[in-house]
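Notes for the structure review
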Amino acid sequence: MSLRNLLSVLCAGALFLSAAALAEPATAPPKPGDPMQPGYHPASDTDEAGLWMMNDKAEDTFKTSPLLVRDAALNAYVRSVMCKLAKDQCADMRLYILDIPYFNAAMAPNGAMQVWTGLLLRAQNEAQLACVLGHEISHYTLRHTLAEWRRAVNTSGAMAVLGIVTAGAGVGLIGLAADYALLGSMMSFSRDEEREADAHGQDLVAAAGYDPAQCAALWQEQMAEEDAEPEHKDGFLFLRTHPANKERLATMQSRAAALPAPAAAPQVDAEALLQATHGFRAAWLGEELNRSHYGQSLILVQALLAADPKSGELQFYLAEVYRRRNEAGDAARAADEYKSAIAAGAPVSAFRGLGLTAMKSGDPAGARDAFQHYLDAAPAADDRAMVEYYIAHLGDHT
Amino acid sequence: MTSSTFRGAIALALLAVCLAGCAQTREMKATGAANFDWSGPQKRIVLIQPDVVLAELTAGGLNEPRADWTNTARDLISKGIAGSLDQRNISVTELDTLTNAHDVQLVKLHGAVGNEIRQHGFGGATLPTKGSALDWTLGPGTQDMRQRYNADYAMFVYVRDSYATAGRRAVQFLGAIAGIGIQGGVQVAFVSVVDLRTGNVVWFNTLFSQYGDLRDAKGATSFLNDILKGNPL
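With respect to the pairing of strand S8 (residues 201-209) of chain B
The buried count for S8 of chain B comes to 8 of 9 residues, which makes it a mostly enclosed element. Between the antiparallel neighbours strand S7 (residues 187-195) of chain B and S8 of chain B lie 5 residues, among them Gly199 of chain B with a positive phi of about 85°.

Okay, here's the thing in structure tokens:
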């Protein structure tokens, strides 16, 4: 078969294919970007209804997940922030707080919002939490998943055809390049959607009376944390899908400045967020440290301390970061922080930390003293036997 | 290219598309250990809402879920099974919606266990320590269903079914010309009867097919005739 003949066969096939593609029913009248009305549910014969159906199934997993945080007060608080932004549409949304120590939130196309505790730990105030929720709500109301899905259907269809044509014609390399070009177009489109969600989300934040400049502040803080250990970007899912961070930070800053001045003073509400999350902070910080990315944890704890400098609890976790990181000079830094923490009314574990640090620095007397304080203050501690063992063997190796 | 070789290529292509799309059903079943033990004179079964997804297979090979087809198929399957058990004088409680979180988990567990039985319970991929005996279980977590639905056994149904779009069929046709076999729509299904006292799967049947249509009553009836064949109830 000559090349010309092969091409004519392929062209005939391509014509048949495009005719067939055109003959497929045009499902789903709503287009991505069309505003979604409160109470909306897609008509059952649409691709959007199929997406919702699969997401309903996935949502069942959240409902019974061992990671689900069921605390009623915390759920009511985060939901209230979501509702200030979503207004009439809030009734269409379900909230799932998941106990995962990473900075992330996500909204499914059917209205299921996930918020991870790593985000609640990192947001410095209610306005910052609103920034992330507003971004996610925008993905939902602008139907971005539907857009992504339709693009996947169309692009993979094009890839299948290109793959066949190029395989048949023996030009595999061109086929590969074409595949990459198509993949590139998918990526750049979702960046546009991220920008759109940034802008729309920031508008929601400002319309709800929050300070839109907090969005940029949050973004900057997360970038600083990520940059502390660029080799461990994996935890920052929210940023990972958001390339070109610097450009977006600049856009957020300029947009915040350009938004019309609100009638009342813009809210930040640091106190409200702190009150709602205070009881969980120790547990969340413990999980944060267990990620073992101490460079990032250090930036986080220092930022939390800047907002709440008298917190013995935060000083204790700062000391824990130093002790566990264990780089040159960290033992002395940890000891200093444990002492400040104890002075500020830190949890009793600070004495144990101080004992461990003293033991490591070759100070058996200091270690014994600290351990004894720990056991006196917490006689029923789980690790009592371990600490007694330390006391009994202090000085063995020094 | 002469017109006769062109016709030949088209004929070959059509044959290849047909071979990809019209394969035989492979029916596999195990009937071991079906010693039904009813607690009362009346045989009572709870039919758990079938876990069904019907999808449209797009030109590029993505399965696009279809809510309307799925709802139709799920109703046809439930009604068909209930009717057929009714004819055998079995009292059927139909669980039309899943509101209990524990039931939802059991349906997912059944999907996972059933897929394992499908892969390892029959033929080639038999597990060395498991053999071909039907000794799979959902575990004692099924016990509370027994009281809640007042039944001795539960029937679980799992169906994943896809239908090639015109675009997909065109890609299959093009692929056949280029000598590449491209998959069309497929139907994968299995049904289990579970003893609610133990969670043990006491009867299991599975079906793999590249034809059949669950979107209308006729297709659903034919599907149920296949999947319920040999059902010892």
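That was the structure; now back to the text.
Some details on the packing of aromatic side chains
Residues and elements named next belong to chain A. Counted according to the given criterion, the structure contains 12 aromatic pairs over all chains. Here the aromatic rings of Phe280 and Trp284 are separated by 5.3 Å at their centres, their planes lie at 15°, and the arrangement is stacked. Note on Phe280: relative accessible area 21%, which makes it partly exposed. The exposure class of Trp284 is buried, given its relative accessible area of 4%. Here the aromatic rings of Phe316 and Tyr317 are separated by 5.0 Å at their centres, their planes lie at 75°, and the arrangement is edge-to-face. The side chain of Arg143 reaches across the aromatic face of Tyr40, ending 4.6 Å from its centre.

Observations regarding the state of the cysteines
Residue and element names in this part refer to chain A. The tally for this structure, following the rule as stated, stands at 2 disulfides over all chains. With its sulfur 2.1 Å from that of its partner, Cys131 forms a disulfide with Cys215. Looking down the S-S bond of the Cys131 and Cys215 bridge, the torsion is -85°, so its handedness is left-handed. Residue Cys131 is located in helix H5 (residues 126-141), and its partner Cys215 is located in helix H8 (residues 213-228); the two are separated by 84 residues in the primary sequence. Looking at Cys215, the relative accessible area reads 6%, which means it is buried. Sequence-ordered numbering of the bonded cysteines in chain A gives a pairing of 1-2, 3-4.

Describing helix H2 (residues 67-87) of chain B
Residues and elements named next belong to chain B. Taking 1.5 Å per residue, 21 residues should reach 30 Å; H2 reaches 30 Å between its end C-alpha atoms and fits that length. Listed as buried for H2 are Ala67, Asp68, Trp69, Thr70, Ala73, Arg74, Ile77, Ser78, Ile81, Ala82, Ser84 and Leu85. Looking at the residues trailing H2, positive phi occurs at Asn89, about 65°.

What about the packing of H2 of chain B against helix H6 (residues 217-227) of chain B?
When two helices pack together, their arrangement is given by the angle between the helix axes and the distance between those axes. All names here are of chain B. Viewed as axis vectors pointing N to C, H2 and H6 meet at an angle of 50°, and their least axial separation amounts to 10 Å. As summarised for this structure, H2 and H6 are arranged oblique, according to the angle between their axes. Between H2 and H6 lies a crossing of right-handed hand. Residues Leu76, Ile77, Gly80 and Ile81 of H2 form the contact with H6, whose own contacting residues are Ala217, Ala220, Phe223 and Leu224. Residues of the contact of H2 with H6, tallied by class, amount to 7 nonpolar, 1 polar and no charged.

Quick word on the sheet that holds strand S2 (residues 105-107) of chain A
Sheet strands pair via backbone hydrogen bonds, and the direction of the pair is either parallel or antiparallel. All names here are of chain A. The 3 strands lie next to each other as S1-S3-S2, forming an open sheet whose pairing is mixed. Both edges of this open sheet fall to strand S1 (94-98) and S2, since each of them pairs with a single strand only. Direction aside, neighbouring strands of the sheet carry axes that sit 15° apart on average. Alignment of S1 against strand S3 (residues 112-116), held across 5 bridges, turns out to be parallel. Opposite Arg94, over in S3, you have Ala112 as the bridge partner. Together, S1 and S3 form the strand contacts of helix H2 (residues 47-63), whose direction differs from that of S1 by roughly 50°. Relative to the sheet, H5 contacts S2 and S3, its axis offset from that of S2 by approximately 25°.

Cut-offs applied
Residues numbered from 1 in each chain as written. Chains lettered and ligands numbered in written order. Predicted model: local features only at pLDDT ≥ 70, side-chain atom pairs only at ≥ 80, totals over all residues. Heavy atoms only, no water. Buried < 20%, exposed > 50% of the residue type's maximum accessible area, 1.4 Å probe, protein only. Helix = DSSP H or I, 4+ residues; strand = E, 2+ residues; numbered from the N terminus. Pairing = 2+ DSSP bridges. Phe/Tyr/Trp six-rings, centres within 6.5 Å; stacked < 30°, edge-to-face > 60°. Lys NZ or Arg CZ within 6 Å of the ring centre and 35° of its normal. Disulfide = S-S within 2.5 Å. Expected span 1.5 Å × (residues − 1). Axes fitted to C-alpha atoms, helices over the stretch in contact; angles between N-to-C directions. Parallel < 35°, antiparallel > 145°, perpendicular 65-115°, else oblique. Left-handed = near helix turned anticlockwise from the far one by under 90°. Contact = heavy atoms within 4.5 Å. Nonpolar A, V, L, I, M, F, W, Y, C, P; charged D, E, K, R; others polar.

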